[in-house]
Amino acid sequence: MFLSRLLRFLLPLLLPLVVSGRELQPIKIGAIFFENETDIARAFEAAVERVNSAADTTFRLLPLVRQLGENTASTALQRAACDMVDNGVTAIFGPSSKAKNDIVAVICNATGILHIQFDMAFEETVEEKENHQMTVNVYPSQLVLSKAYADIIQSLGWRKFTVVYNEEDVHAPTRLQDLLQLHDLHNDVVRVRKYKRDEDFRILWKSIKGERRIVLDCEPDKLVDLLNASIPFDLTGEFNQLFLTNLEVHNSNWEDLRDNVSFAVNVTAARLLLTTETSDASYLQDTVTDDTSMEQPPDTLLTNLIDDAVSVFVMAIRNMSRSYMWPIEMPSTSCASTQFENSGTEGFGEEFENSQTRSFGEVLVSTMKKISGVNNTDFRTSDLQFDEDGLRFSFNIEVYEPILNYGMLIWNSRGHITLLHVDEGVSKKIVYRIATRIGEPYFMIDEEAAAANATGNKRYKGYAVDLIEALANEMKFEYLFVPVVDNAYGKYNKDTKQWNGIIGELINNDAHMGICDLTVTQARKTVVDFTVPFMQLGISILAYNIPQEQKHVLAFLDPFAVEVWLYVMTAILIISFMFVFVARVAKAEWENPHPCDREPDALENQWHIANTFWLTMASVMCAGSDILPKSPSMRTLTGFWWVFAIIVSNSYTANLAAFLTNSQMQGTISDIKSLASQTSTKFGTMEGGSTYTFFSESNETTYRLAFNIMNGDDPSAYTKSNEEGVERVKKMEGKYMFLMETTSLEYNIAQNSSLRMVGEKFGEKHYAIAVPYGAEYRSMLSVGILRLSERGELFKIKNNWWKPNENQTTDSKESTGETPDMNFEEVRGIFYTLGIGLFIAYLVGVIEFLIHTQKVAADEKLSFKKAFIKEVKFVLCIWNNKKPISCTPTASLGSMVSVKTPKLTPKNTPEESMEELQDLQNMTGANTSSRKKENSAYSHGGNNIASSNVTENVSNV
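Quantities reported herein were computed from a predicted structural model and do not represent experimental measurements.

(A) Structural detail: the side chain of Thr-853. Mapping Thr-853 onto the fold places it in helix α31 (residues 824-859). When neighbours within four sequence positions are excluded, Thr-853 is seen to be in contact with Phe-864, Ala-867, Phe-868 and Glu-871.

(B) Representation of the sheet that holds strand β27 (residues 682-684) within the structure. Taking strand neighbours across the sheet as the criterion, the four strands line up as β27-β28-β24-β29 in an open arrangement whose pairing is mixed. If you trace the sheet from one side to the other, it starts and ends with β27 and β29 (755-767), each paired once. On average, adjacent strands in this sheet sit at an angle of 20° to one another, irrespective of strand direction. Where β27 lies against strand β28 (residues 736-741), three bridges are found, and the strand directions are parallel. Its bridge partner being in β28, Phe-683 is matched across the sheet by Met-737.

(C) Region of interest: the pattern of salt bridges. In the structure shown here, the tally under the stated rule is 22 salt bridges. Asp-307 serves as the salt-bridge partner of Arg-50, at 3.1 Å between the closest nitrogen and oxygen. Residue Arg-50 is found in helix α2 (residues 38-52), and its partner Asp-307 is found in helix α12 (residues 301-323); the two are separated by 257 residues along the sequence. The buried category is assigned to Asp-307, whose relative accessible area is 1%. One salt bridge in this structure joins Lys-765 and Glu-741, with 3.5 Å as the shortest N-O distance. In this pair, Lys-765 sits in strand β29 while Glu-741 sits in strand β28, placing the two residues 24 residues apart along the sequence. Side by side, Lys-765 and Glu-741 carry an identical accessibility label, which is buried. Each of Asp-169, Arg-175 and Asp-217 takes part in salt bridges that share partners, so that together they form one network.

(D) View of the packing of aromatic side chains. All told, the structure shown has 40 aromatic pairs when counted by the stated rule. Aromatic side chains Tyr-703 and Phe-762 sit 5.4 Å apart centroid to centroid with 15° between the ring planes, which places their arrangement in the stacked category. Pair noted here: Tyr-703 is in helix α25 (residues 701-712) and Phe-762 is in strand β29, with a separation of 59 residues, a long-range link. For Phe-762, a relative accessible area of 12% corresponds to the buried category. Here a set of aromatic residues connected by ring pairs shows up, and it is made of Tyr-432, Phe-443, Tyr-460, Phe-477, Tyr-479, Phe-481 and Tyr-777. Its guanidinium or amino end placed over the ring of Tyr-489, Arg-437 lies 4.2 Å from that ring's centre, counting from NZ or CZ.

(E) Molecular detail of a nonpolar patch on the surface. On the surface, a nonpolar cluster with roughly 700 Å² of combined accessible area is contributed by Leu-573, Ile-574, Phe-577, Phe-581, Leu-876, Ile-878 and Trp-879. With four residues, the single largest contributor to the nonpolar patch is helix α19 (residues 562-585). With respect to the element layout, Ile-574 can be found in helix α19.

(F) Region of the structure containing a negative patch on the surface. A grouping of Asp-102, Glu-127, Glu-128 and Glu-130 is seen on the molecular surface, where their side chains present a negatively charged patch. The topology assignment puts Glu-130 in helix α5 (residues 126-130). Its relative accessible area of 48% is what places Glu-130 among the partly exposed residues.

(G) Summary view of the sheet that holds strand β7 (residues 190-195). Read from one edge of the open sheet, eight strands run β7-β6-β8-β9-β10-β13-β14-β15, paired in mixed fashion. Each end of this open sheet is capped by a strand with a single partner; those strands are β7 and β15 (417-419). This sheet shows a mean twist of 20° between the axes of neighbouring strands, independent of strand direction. Where strand β10 (residues 266-272) lies against strand β13 (residues 396-401), four bridges are found, and the strand directions are antiparallel.

(H) Region of interest: the pairing of strand β9 (residues 241-244). A two-sided burial pattern is seen for β9, the buried positions comprising Gln-241 and Phe-243 on one face and Leu-242 and Leu-244 on the other. With four bridges joining them, strand β8 (residues 213-217) and β9 adopt parallel strand pairing. Looking across to β9, one finds that Ile-214 is bridged to Leu-242. Crossover connection from β8 via helix α10 (residues 220-230) to parallel β9: handedness right-handed. In terms of strand pairing, β9 meets β10 through four bridges, oriented parallel. Across the sheet, residue Leu-244 finds its bridge partner in β10, namely Ala-269.

(I) Structural view of the nonpolar core. In terms of nonpolar packing, the biggest core is built from 73 residues, with Leu-61, Phe-93, Val-163, Phe-313 and Ile-397 touching the most fellow members. With 13 residues, α12 is the single largest residue contributor to this core. If sequence neighbours within four positions are ignored, Phe-93 has contacts with Ile-29, Gly-30, Ala-31, Ile-32, Phe-44, Ile-116, Phe-118, Ile-306, Ala-309, Val-310 and Phe-313. In terms of nonpolar packing, the next biggest core, distinct from the first, is built from 36 residues, Val-465, Met-475, Leu-788 and Trp-801 among them.

(J) Layout of unusual backbone geometry. Looking along the chain, the bond that leaves Gly-94 and enters Pro-95 is cis, with omega of 0°. Going from Asp-714 to Pro-715, the amide bond is cis rather than trans, its omega being 10°. Despite not being glycine, Asn-487 shows a phi value in the positive range, around 55°. Secondary-structure assignment places Asn-487 in the loop between β19 (478-483) and β20 (492-493). Positive phi, close to 50°, is recorded for Glu-733, a residue that is not glycine. Relative to the assigned elements, Glu-733 resides in the loop between α26 (722-732) and β28. Judged by relative accessible area, Glu-733 falls into the partly exposed class, the value being 41%.

(K) How the structure looks around the pairing of β28. Counted residue by residue, β28 has six buried out of six residues, so it is predominantly covered. The pairing of strand β24 (residues 535-544) with β28 spans four bridges and is antiparallel. If you follow Ile-539 over to β28, its bridge partner there is Glu-741.

(L) Examining the environment of Ala-841 more closely. Structurally, Ala-841 can be placed in helix α31. The exposure class assigned to Ala-841 is buried, which follows from its relative accessible area of 0%. Those residues within four positions of Ala-841 in sequence are excluded, and the remaining contacts are Ser-633, Thr-636 and Leu-637.

(M) Main features of the side chain of Ser-382. Inspection of the secondary structure puts Ser-382 in the loop between α14 (360-370) and β11 (385-386). Given the relative accessible area of 5%, Ser-382 is considered buried. In contact with Ser-382, other than residues within four places in its own chain, are Leu-273, Thr-275, Gly-373, Asn-376, Arg-392 and Asn-396.

(N) Quick peek at the packing of helix α6 (residues 142-156) against helix α8 (residues 177-185). Running from N to C, α6 and α8 cross one another at 60°; their axes reach a closest spacing of 6 Å. Taken together, the axes of α6 and α8 lie oblique to each other. The segment α6 lies against α8, with Leu-143, Ser-146, Lys-147, Tyr-149, Ala-150 and Ile-153 engaging Gln-177, Asp-178 and Leu-179. Of the residues in the contact of α6 with α8, the class split is five nonpolar, two polar and two charged.

(O) Quick look at the packing of α19 against helix α20 (residues 609-620). Here α19 crosses α20 at 130°, and the two axes come no closer than 8 Å. Considering their axes alone, α19 and α20 lie oblique with respect to each other. Both α19 and α20 take part in a crossing whose hand is right-handed. When α19 is examined against α20, the residues Ile-572, Leu-573, Ile-575, Ser-576, Phe-577, Phe-579 and Val-580 are found in contact with a partner set consisting of Ile-609, Thr-612, Phe-613, Leu-615, Thr-616, Met-617 and Val-620.

(P) Representation of α10 in the model. The complete set of buried residues in α10 reads Lys-222, Leu-223, Val-224, Leu-226, Leu-227, Ala-229 and Ser-230. Structurally, α10 contributes buried residues whose contacts are with β7, α9 (201-207), β8, β9 and α11 (255-258).

Cut-off values and rules
- Residues numbered from 1 in each chain as written.
- Predicted model: local features only at pLDDT ≥ 70, side-chain atom pairs only at ≥ 80, totals over all residues.
- Heavy atoms only, no water.
- Helix = DSSP H or I, 4+ residues; strand = E, 2+ residues; numbered from the N terminus.
- Contact = heavy atoms within 4.5 Å.
- Pairing = 2+ DSSP bridges.
- Axes fitted to C-alpha atoms, helices over the stretch in contact; angles between N-to-C directions.
- Salt bridge = Lys/Arg side-chain N within 4 Å of Asp/Glu carboxyl O.
- Buried < 20%, exposed > 50% of the residue type's maximum accessible area, 1.4 Å probe, protein only.
- Phe/Tyr/Trp six-rings, centres within 6.5 Å; stacked < 30°, edge-to-face > 60°.
- Lys NZ or Arg CZ within 6 Å of the ring centre and 35° of its normal.
- Patch = residues over 30% accessible without salt bridge, like charges linked within 9 Å, V, L, I, M, F, W, Y side chains within 5 Å.
- Areas by Shrake-Rupley, 256 points an atom, 1.4 Å probe, with all protein chains shown as cover.
- Lys, Arg positive; Asp, Glu negative; His and termini not counted.
- Charge placed at Lys NZ, Arg CZ, Asp CG, Glu CD.
- Right-handed = clockwise from strand over helix to strand, strands pointing away.
- Core = buried A, V, L, I, M, F, W, Y, C linked by side-chain atoms within 4.5 Å.
- Parallel < 35°, antiparallel > 145°, perpendicular 65-115°, else oblique.
- Nonpolar A, V, L, I, M, F, W, Y, C, P; charged D, E, K, R; others polar.
- Left-handed = near helix turned anticlockwise from the far one by under 90°.

In structure tokens, the structure reads:
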């Protein structure tokens, strides 16, 4: 330890003896500090010692330091500067910004001496630049800093924020110029508040209560007091964000806030990026001597900048030494000249004097401006370059978390933003709040878990729950689901100028993420950010379904219910027997079986059971028949039966066609164009959703027509949710169709076979996770989603919820979409018609039968009762289809054909006898003719016997 200190003490003395036999050229430099700037003065002296201790140095810096009181007048500054000039200094460092004027810069400009500043300064006007041509400043330019802050705010994604700065800081408006210009353009988005160091800070925070993002420009010594005053106004909560612009806030007393549980705000700050080689605390360790006054200076912004000021000066001297003869004789000048005239090039050496027309100071300034400090590790504050006015425009800004002191991103003078990797152990542990809404199958309450009194995320299930769980396992973060109160996705209210639902939660910073079937739209992207999509979809039409099923063998009987078929078969059987009885009653239905025989003995009736069954079945089957009724009663009965048959036949045919095929309406609507072109089927969508927005904002003719039709419907075609729309489709059974996103549509179809999708999808959309605008973890979530997609995890998660429920069955034909059977209530009118026909037919038949019975009674001289009983007995003998000509069915054939011949008495004269014979012949012929007309069946039987008897009697006469 003693030898190390001895070596450091003797090194400056022995160095001239080992430098290539050259003598170290002394170079005088001056520095002006105020009395309370001892840290900066120590850093300056340490930097000079570091340069002088370098093994390859060819010169030795001889510092001339002056320390003045903080309230020193300009005359004292002038006197100190002129004293340094008279002592032959090459450059003057300082003073800091505490100086109230620029007298030192003016003196250096007049005497040709380099002036180096290391603290912020006013932006110069054109007139001031004429007096500051010899001045360079290693402190970042205020205008470039302003641009840096604007770029950083943009990279953070802040579009609405409040700028707070000290009203007494004259540099603040310039340093925040770009942000304040945004306020001038959008004062409702960017607000500005000012404060004073000695005022009550609670007044300031009360005026911006509720603001979530704040840009704060505050001195380090007042920062903690200012932030503590904001805690009661809900400005330091978990979802608040604070950006500190002062480059030295890392030296504030953050310990007081680190342990404060109420101070949960997300703080980011800016500082100059230090190079890795020089950011170590031991950077100046080797240059410190045993003198207690030369103890290690603190690592502050100004100590680093004064070190860089010395470094850039030394680099300029070295560059000049390579270009000109060495040693260089420094010019001598003095403030004694009334006009501060330069001493020209006297003493610069012969070669330099012949090639240079400018003063030594001007050449030195020009050389410094040409030095490129990009990626140069010789400077503590990384990149260092000057513009033509001597202002530093090249530097790097590190955005970091000041409480835990870890870097987040780096800004460079080209406007590029580079994100830094943050170790999990360094960053703050955050439990991410995830806003969502209840809706199948994305997010649902698990009834079993709720019944078991489960808490937290265990109470929920669904696609979104599984997706977030997979992302959390992939990216290693904790989360908590928070369903929104209004169960809305997010819609902008033009009256209140507020967003509701999930989007509103994110805008108000009440949630870190938002997930459900949340569609990425342009309106939402203006207020929140989205990750890469986790699901691609479109819009399609949900309709009521009639599924095509394999019919059974007896499917042709399905159009009628079983009871209807029983009624029809019973009707055919009864009508067949009724035809037989009516035909037997009707006289006209009895015909001569042998038309060639004009004198039949009996008549025949064609309406027996076989024939009547044939007629009734043929009528029902719409087939022809070779037997037709003749009597009025039979024709009446047959006519009404035909009416019944044709209605039954046509009803069966129509219902069979509807039963075996899909409905006609389902075939005509195939896409949104055909849906919008018809009027019989209503359609709608969920009001306020992304599908509603798609139709309302579309300029395509078909979509605009569909939107106008939906708006004009009464009752409204819109629903409050997708669930309501699905129920409406099922309830109206084909009279209403619902426009919804294909993912939700596919899920409902999988769960309910009575629904189907009509047409192809249109209007491509995407589902993604929404995050607050500019959230730094958005890229992390996007990477996680891509990884899950590449491994097929997203497909598996979706398949778990979109596959059909195998245990689900339909309760009725209505749920399967099958056409219902026709029951008796629907066809009873046919049977009523048939019954009326039967009544009329039998009424006519009864009347005809009574008239015929009366005639038979008169002809046979019987009483009406006996004749009626005799006719009824014959009618009941349904097995006998032959009826004798005589009305008496029991009479013998001889009695039916015999004719009673009158006897001729002897008392009759011949003339009388001839007249009687003529009358007998006439009567016999009339009876014979009548018998032949009535029934030709007896032309070869008893009729011949009767004729021979008559002839014999005539011959006898």
